[in-house]
Amino acid sequence: MSDLAPTLRWEPPVFPAPGRCPEDVVLHTAQQLDEMEAAAYQDGFARGHGEGYAAGVQQARAEAARLRELVAHLARPLAQIDEEVERTLVAMTVEVARRLVQQELELDPARVLGVVREAIGALDGAGRELRVMAHPEDAKLLQEHLVAPPEVNSLRVIADPSLMRGDCRVASEFAQVDARLDTRQANLAQSLIGEAE
């Protein structure tokens, strides 16, 4: 039995006698305890509110930045789609106009006279000798009905089978005007796109 540790005897704690407190212990009244509890609550609430508010503001800023980035990312494809839709609408509009012009020229071939006169006017008096190239059927009509402006000494109409009905090119010794439907169509498309931008 020598291996056993000696046992200690338990002694109850010593409490001061009733009505007497140790000198370093301050006893508070119930009102003081309530006031201390309320002050501790207010202090804890203020600290928690301040820390929570700062954390909330930081989190809200991070979320706002993330949302701005998301909106910017979503807007990029929409802008690209808008451009594609715009170009498609312009192309469709120009193609419809082209077909209407071709139908109008088939119904009234004399309208080519207006196109040629406009092309000659675009030269703005540059040159005394003009050559007008047009589709062979249009060339016949032009030879019969086109009158040279007073400032032009010589006007020749040349049949060009590579041109479509309604197309023409006018050239002088100084300048040239391309009044083919394709060229006018491209110019119209470019001006429509330019206006939309």
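Cut-offs used in this document
Residues numbered from 1 in each chain as written. Predicted model: local features only at pLDDT ≥ 70, side-chain atom pairs only at ≥ 80, totals over all residues. Heavy atoms only, no water. Helix = DSSP H or I, 4+ residues; strand = E, 2+ residues; numbered from the N terminus. Buried < 20%, exposed > 50% of the residue type's maximum accessible area, 1.4 Å probe, protein only. Contact = heavy atoms within 4.5 Å. Salt bridge = Lys/Arg side-chain N within 4 Å of Asp/Glu carboxyl O. Axes fitted to C-alpha atoms, helices over the stretch in contact; angles between N-to-C directions. Parallel < 35°, antiparallel > 145°, perpendicular 65-115°, else oblique. Nonpolar A, V, L, I, M, F, W, Y, C, P; charged D, E, K, R; others polar.

Student: Tell me about the overall build of the protein chain, residues and numbers included.
Tutor: Each helix and strand in the protein chain was counted, giving four helices and four strands. The secondary structure elements of the protein chain, listed N-terminal to C-terminal, are α-α-β-α-β-β-β-α. Put simply, the protein chain has 197 residues, and 20% of those count as buried. Counting only contacts in the protein chain whose residues sit at least 6 apart along the sequence, the fraction spanning at least 24 positions is 70%.

Student: Go over the pattern of salt bridges with me, naming the residues and quoting the values.
Tutor: Going through the model one piece at a time under the given rule, you end up with five salt bridges. Where E137 meets R165, a salt bridge forms, and the shortest distance between an N and an O atom there is 2.8 Å. Of this pair, E137 sits in helix 3 (residues 136-145) while R165 sits in the loop between strand 2 (154-159) and strand 3 (168-171), and the two are 28 residues apart along the sequence. Exposure remark for E137: the relative accessible area of 46% places this residue in the partly exposed category. Judged by its relative accessible area of 27%, R165 falls in the partly exposed class. What emerges from the salt-bridge pattern is a single network uniting E137, D138 and R165.

Student: Give me the lowdown on the packing of helix 2 (residues 111-122) against helix 3, citing residues and values where you can.
Tutor: The interhelical angle for the contact between helix 2 and helix 3, taken along N-to-C directions, is 75 degrees, at an axis separation of 10 Å. For the element pair helix 2 / helix 3, the angle class is roughly perpendicular. Mapping the contact onto sequence places V112, L113, V116 and R117 in helix 2 and D138, L141, L142 and H145 in helix 3. For the contact of helix 2 with helix 3, the residue count by class is five nonpolar, one polar and two charged.

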